[in-house]
Amino acid sequence: MRRLFPLPAPPVTAADLDGSGAATTDREWTLDELAEAYAYPVADDPARSGRTGWLRANMVSSLDGAAHHDGRSQPLSGAADMRIFGVLRGLADAVVVGAETVRQEGYRPGRAREAFAARRAAASQGPAPAIAVVTAGLGLDFTLPLFTQPLVPTVVLTGAAAPADRVAEARAAGAEVLFAGEGLGVDPARVAGVLAGRGHHRLLTEGGPRLLGQLVAADALDEMCLSLAPVVALGDAARIMNGPAVAVPERFALTSVLEEAGFLFTRYRRS
C-alpha cells in the first residue's frame, strides 16, 4: 500500500525496507498503521464543532459507478478493501445500516478482534461495534444471529409510529429499539444524536445507497471513505448514493488517498 495524498509520505522506517535494504513504500500496512490512518477526529477537532457524534460512510464503487454487482458489494472488493473494512469496524462504536442491506448482504453481529482489543479498551468501547439497523416497518427476521447472538445488543432505529407488534418482537429477540423519528420511519438528521445518547459517538455507515443518500440530504454525513475498485460492472446497479437531487451539491474536502493493487482508498470530510 502507498500513500498518494497528502505528501510528503511519512519517514522511512525499518518496516519500509526490503530484503536488500532498499526503501519501498509499496507494502502491506499493518492493522495499527491503518487504524492510525483512519482514526476518528479528536473531541476538540474544529470539524466536530456542533456535532453530537462523527458519522463516516464506507462504500466501494466500480470504475463505472456501480455500488454492487448482482445485488452484493463483495464482488467489487479485494484484499486491501476488506482489511480497511475491518479496521473501520474495529474503530467504530456502532455500524449504521439500512434494513435492505441487512437482508441482501446477510449481516451478522460485529465480532471482537484481538488486534483491536487494547485500542477499544483504551477508548472505553465495548468488545465489538453494535449494529444499528435503520428500518420503518421492521420487516426483519429476528431469529437471525444478528439479533439473537450479538456480543453487543443490536440496535433497531425506527420511527415512533412503527408497528407496535414488530417493536415488541424486536425487543423480545434482544434488540434495543430506539426511536429516531416521529412518524413511521427514521429522520436521518436524528440518527447521530439518538445513538450518541446511548454512548455511540464514533459511527460508521455501510449504506446501502438509499440510506446513504438520505443521510447526505439531511446534512448528517461527516466523512466519506470511498474505495474505487479497478473493475467495470455495467448493468443497472445503483450508485453508492441513491435519492432525490439536493438543491446545492454538497462539497467535501479530500483528506487522504491510499493505493494498493489498483484500488484507490479515498477519504473526504465535510468542508
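Now for a description of the structure that goes with this document.

About the thresholds
- Residues numbered from 1 in each chain as written.
- Predicted model: local features only at pLDDT ≥ 70, side-chain atom pairs only at ≥ 80, totals over all residues.
- Heavy atoms only, no water.
- Helix = DSSP H or I, 4+ residues; strand = E, 2+ residues; numbered from the N terminus.
- Expected span 1.5 Å × (residues − 1).
- Buried < 20%, exposed > 50% of the residue type's maximum accessible area, 1.4 Å probe, protein only.
- Salt bridge = Lys/Arg side-chain N within 4 Å of Asp/Glu carboxyl O.
- Contact = heavy atoms within 4.5 Å.

**What about helix H2 (residues 79–91)?**
Relative to the 18 Å expected for 13 residues at 1.5 Å per residue, H2 spans 19 Å between its end C-alpha atoms, a close match to the ideal helical length. With 10 of 13 residues buried, H2 is to be regarded as a mostly interior element. Listed in full, the buried residues belonging to H2 are Ala80, Asp81, Arg83, Ile84, Gly86, Val87, Leu88, Arg89, Gly90 and Leu91.

**With respect to the pattern of salt bridges**
Taken as a whole and judged by the stated rule, the model has 18 salt bridges. Close ionic contact of Arg269 with Asp45 constitutes a salt bridge, the shortest N to O distance being 3.3 Å. Taken together, the residues Arg269 in strand S10 (residues 263–270) and Asp45 in the loop between helix H1 (31–37) and strand S2 (54–61) connect sequence positions 224 residues apart. Taking the shortest distance from any N to any O, the salt bridge between Arg83 and Glu260 comes out at 3.0 Å. Taken together, the residues span a long stretch of sequence, with Arg83 in helix H2 and Glu260 in strand S9 (residues 252–260) at a distance of 177 residues. One exposure class covers both Arg83 and Glu260, and it is buried.

**Some details on the environment of Arg83**
Residue classification places Arg83 among the buried positions, given a relative accessible area of 15%. Sequence-wise, Arg83 and Ala35 are 48 residues apart; in three dimensions their C-alpha atoms are separated by 10 Å. Beyond its immediate chain neighbours, meaning those up to four positions away, Arg83 contacts Met1, Glu28, Trp29, Leu34 and Glu260.

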